[in-house]
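Residue-level structural notes
Here is what each chain is made of, one letter per residue.
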Amino acid sequence: MTSRRQLLKTLGGGILVLVVGPASLGTELRNQRGRAQATLQKLSAWVHIAESGVVTVFTGKVEVGQNARTSITQAAAEELRVAPSVVRVVMGDTDLVPFDMGTFGSLTTPRMIPQIRRAAAAARERLIDIGAAKSGQARSSLHAHDGKVIGPGFSASYASLAAGDMFALDIPADLELTPAQNWKVLGTSLPKVSASAIVTGTHQYTSDLRRPNMVYAKVLRPPTMAAKLKTVDTSKAAALPGVKVVRDGDFVAVTAASVRLAVKALELIEADWTEVEQSQHSELFKLLRGAEPLPTTATGPKLLAGTYTCEYIAHVPLEPRAALAEWDGKRMTIHTGTQRPFAVRDDVAAAVGLATGAVRVIVPDTGSGYGGKHTGEAAIEAARIAHAVGVPVKLVWTRQEELGWAYFRPAGVSEITSGVDDRGKVVGWTHDNYNSGPASVESPYAIDTKRSQFHPANSPLRQGSYRSLAACFNTFARETHMDELAALAGVDPLAFRIQNLDNARLRAVLEAAAAKLNWTQKVASAGRGFGIACGTDKGSYVATAVELTVAEGNVRLVRIVVAYDCGAILNPDLLKNQVVGGVIMGIGGALYETIDFANGKVLTDRLAKYRVPRHHDIPVIDCVLLDRKDLPSAGAGETPIIGIAPAIGNAIFNATGKRLRSMPLKLS
Amino acid sequence: MKVTLNVNGEKHDVEAEPETSLLEVLRNDLGLTGTKYGCGESQCGACTVLVDGESMHSCVFPLEDAVGKPIFTIESLAKAGKLDPLQQAFIDEGAMQCGYCVSGMIMAARALLNKNPHPTHDEIIGRMNGNICRCGAYPRMVAAIKRVAEATK
């Protein structure tokens, strides 16, 4: 852990604004010109204005393609009244940034952005104070603009005002942030700040990093999950030129000067394993559901019950897990693509037997995560190897390892019972989900008698987070069931939803999507259908409408409309990119993706066996954004995915009369 | 085997087994890391380069077959700080999110436009279908390719 003194030395002079998490800590910092009193561990972000005028934001969030680097740049530029081009953002470096739980739950926008705005605004106000003192003018006659403090006959750059000794200040309680209606930088479509490094291939992802004397590592994997190593003979591998074998219990790895030599060495290892019996894919849903009877079921004049299922799916980040580990005899420095750098730091320290202060994790902007990189498998493995061999070690998981040994989005079973009255009003509702998770298991519809419950289960495969995790399947189950109820009640699916909603934001996105698709004019014909679905997760609202055709059992998407409301929009163009990207990713879970497994082995461990959406799967997609400048901004990296699967399923029903209740949706 | 490769207009001496993938040689022996590993099975296109003018998945392209042929990677496109029109169009359309697939996408698109400067929509989809973008920036990538094609009409 870097000390305050080290940090100040690194930064040189200027102004440092520390953002304290809990409100009670604010007093510790108040009026402490000249020194920061709070421990760095208790801080949540900080902003530095250098004597050069360069603004640097320090945050524990990481960039995995969701464009947090760009929105954080905008947030600091907005409140500091500077051009985005003078803002730098240091992300995910455990030596340099304040502790952060991780980049998940769509929390960067609602939690981190306001903190950075407050820090930047406090710095701006402080610069105006200094300007007033230097100019001798009334503070009220001065304002900040384009990196300067300006008043009648006075203009001084931030660089000149920030010169001198470093000082730190806290955030005044009465600080006002710029209202969304007055935003000049936030709310605009600033292009992705790292775009030119990406298109030229010069951005260095973890897997691109190189060091002098670096070796490449490969790790021995068991034939099946949970297998234990009985015997191993590594002598042939160790006889190859420059190859080193690292063994620590069941952990066996090799290093070599090239990947090809490391692969050859790995192939020469003779290992015998004790395997354990494991459950089969065919019994998955029975296993997750268990035999426990439902506590209650819904009542009403017309009753409906449905069971819905969802397969395990993989994140397939295009950059697989990767790490570069450097051990200098005292400290372990690891570059790795993870969504939780501080957790990985702790995990590495524990695995190698080091104090957490002896481990530094740095996260270069990463080749995506989607919730699939909450862990640090490659980092831990690379660190164990580097600790043993003493030279820099690079470990890049193969696609086969990524598909076979990472974790999956949970499979799940949902059981819904409902009742609807003669006026088309849903009067009773129960939703029991097994294994997916609790998110969105509660129905957002206005129903008098509701019961929703998540039931944890023993998962046969390793499972973890994913974009909108449980909300994806729970929304599928609910929105499919609502469609079935609409049919039972003889009411149009859009009208049925609206007449059962009292949530104005959900209703607004439904109406926006329907209007854009011209829903009321659309009539199903042989093999052509229309479907709609809506949902809410993490403070955002989405409605998705689909037009598709079905011919000989093949579904062809023709058009998708997605309407989205996440409060005040930080960057309309990048938001559209996220919303459309979420929908496209969701097409995979809706129509294609299934992890197949048997006897403790993932069978779909290659892209040739695991189909993800491609160029030719993508129809025309229209994105309608509802900008609510009167509401706080919510995150948008996840929720857009939740509506697509039920909208497709409902459109298939509309086209064929066949109701599909499983993800992925299969007609045959 | 010792061979000389012609990469981005320069000669490079390489020593490796004939079956070594061109991708590994480019990335690890020559340090040209703009070309990415995504799957190693010619499924995702992150490793796309031009070999003799054709777009190739370098992860399954053996070194011995690359000898004597001009090879171009993403590093060759920008000349004297000036971006290739496709690179500029990807920026202008915001055709990326995490960006990991972008080198391969641009190289596949470059091969397409070199042969067919004004492709139809279906031709673009057909030629780009071997390249996966998990972030789902596909529509913007197609728009970027069309933008470049339009500009040369």
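Residues numbered from 1 in each chain as written. Chains lettered and ligands numbered in written order. Predicted model: local features only at pLDDT ≥ 70, side-chain atom pairs only at ≥ 80, totals over all residues.

1. Considerations on the overall build of chain A
When its secondary structure is counted, chain A shows 17 helices and 28 strands. Against the globule reference of 26 Å for 668 residues, chain A gives a C-alpha radius of gyration of 27 Å, in line with a compact fold. Counting only contacts in chain A whose residues sit at least 6 apart along the sequence, the fraction spanning at least 24 positions is 76%. (Helix = DSSP H or I, 4+ residues; strand = E, 2+ residues; numbered from the N terminus. Rg over C-alpha atoms; globule rule 2.2 N^0.38 Å. Contact = placed C-beta atoms within 7 Å.)

2. Here we look at the overall build of chain B
Of regular secondary structure, chain B possesses six helices and five strands. When the helices and strands of chain B are read in sequence order from the N terminus, they spell out β-β-α-β-β-α-β-α-α-α-α. Relative to the 2.2 N^0.38 estimate, which gives 15 Å for 153 residues, the radius of gyration of chain B is 15 Å and therefore close to what a compact globule would have. In terms of overall dimensions, chain B has a C-alpha envelope of 45 × 30 × 25 Å along the principal axes. Out of the 153 residues in chain B, the part that is buried amounts to 57%. Across chain B, the fraction of contacts at a sequence separation of at least 24, relative to all contacts at a separation of at least 6, is 58%. (Buried ≥ 20, exposed ≤ 12 C-beta atoms within 10 Å, placed from the backbone.)

3. What to know about the sheet that holds strand β5 (residues 143-145) of chain A
Residues and elements named next belong to chain A. On the basis of which strands lie adjacent, the open sheet formed by three strands has the order β5-β6-β7 and antiparallel pairing. Two strands lie at the open edges of the sheet, namely β5 and β7 (154-157), each paired on one side alone. Each neighbouring strand pair of the sheet contributes to a mean axis angle of 25°, computed without reference to strand direction. Across four bridges, strand β6 (residues 148-151) lies against β7 in antiparallel orientation. Within β7, the position partnered with G151 by the bridge is F154. (Pairing = 2+ DSSP bridges. Axes fitted to C-alpha atoms, helices over the stretch in contact; angles between N-to-C directions.)

4. Observations regarding the sheet that holds strand β19 (residues 412-420) of chain A
Residues and elements named next belong to chain A. Here we have five strands laid out as an open sheet, ordered β21-β20-β19-β14-β28, and mixed in their pairing. Looking at which strands have only one partner, the edges of the open sheet turn out to be β21 (449-455) and β28 (662-663). Sheet topology note: the strand β20 (residues 426-434)/β21 ladder contains seven bridges and is parallel. By the bridge assignment, D432 is partnered in β21 with Q453.

5. Focus on the interface of chain A and chain B
Each side of the interface is counted separately: chain A has 46 residues, and chain B has 44 residues. Of all the secondary structure elements, the ones that give two or more residues to the side of chain A that touches chain B are α6 (195-199), α8 (259-267) and α16 (572-592) of chain A. If one sorts the elements of the side of chain A that touches chain B by residue count, α16(A) sits on top with seven residues. Broken down by class, the residue content of the side of chain A that touches chain B amounts to 20 nonpolar, 17 polar and nine charged. (Nonpolar A, V, L, I, M, F, W, Y, C, P; charged D, E, K, R; others polar.)

6. Things to note about the pairing of β6(A)
Residues and elements named next belong to chain A. The pairing of β5 with β6 spans three bridges and is antiparallel. Note on β6: the bridge partner recorded for H143 is I150. Between the end of β5 and the start of β6, which pair antiparallel, lie two residues, with D146 showing a positive phi angle near 50°. Between β6 and β7, which pair antiparallel in sequence order, lie two residues; one of them, G153, sits at a positive phi of approximately 70°.

7. Topic: the nonpolar core
All names here are of chain A. Residues A382 and A513 are the most contacted members of the largest nonpolar core, which totals 237 residues. For A382, the residues in contact, after removing those within four places along its chain, are A217, A323, L324, A325, I334, V393 and L395. One finds V420, V426, M482 and L485 within the second-largest nonpolar core, a separate group that totals ten residues. (Core = buried A, V, L, I, M, F, W, Y, C linked by C-beta atoms within 7 Å.)

8. Regarding helix α4 (residues 108-135) of chain A
In this model α4(A) runs 38 Å from its N-terminal to its C-terminal C-alpha over 28 residues, within 8% of the 40 Å that 1.5 Å per residue would give. Backbone geometry just downstream of α4(A) places G136(A) in the positive-phi region, at approximately 75°. (Expected span 1.5 Å × (residues − 1).)

9. As for the packing of helix α10 (residues 341-352) of chain A against helix α11 (residues 377-389) of chain A
Residues and elements named next belong to chain A. Between α10 and α11, the shortest axis-to-axis distance is 9 Å and the interhelical angle comes to 40°. Taken together, the axes of α10 and α11 are oblique relative to one another. The hand of the α10/α11 crossing is right-handed. Mapping the contact onto sequence places V344, D347, V348, A351 and V352 in α10 and A379, I380, A383, R384 and H387 in α11. Within the contact of α10 with α11, the residues separate by chemical class into seven nonpolar, one polar and two charged. (Parallel < 35°, antiparallel > 145°, perpendicular 65-115°, else oblique. Left-handed = near helix turned anticlockwise from the far one by under 90°.)

10. What to know about unusual backbone geometry
Residues and elements named next belong to chain A. Omega for the bond connecting M663 with P664 falls within 30 degrees of zero, at 0°, which places this linkage in the cis form. You will see that S468, though not glycine, has its phi angle at about 60°, which is positive. As for its placement among the helices and strands, S468 is situated in the loop between β21 and α13 (469-489). Even without being glycine, N599 reaches a positive phi, approximately 50°. Structurally, the position occupied by N599 is in the loop between β25 (597-598) and β26 (601-602). By the C-beta count within 10 Å, which is 15 here, N599 ends up partly exposed.

11. Some points on the confidence of the model for chain A
Here chain A averages 93 in pLDDT, and 93% of its residues register 70 or above. Segment residues 21-42 of chain A is flagged for pLDDT under 50; beyond a separation of four residues in sequence, or across chains, it makes 37 contacts in the model. (pLDDT = per-residue confidence, 0-100.)

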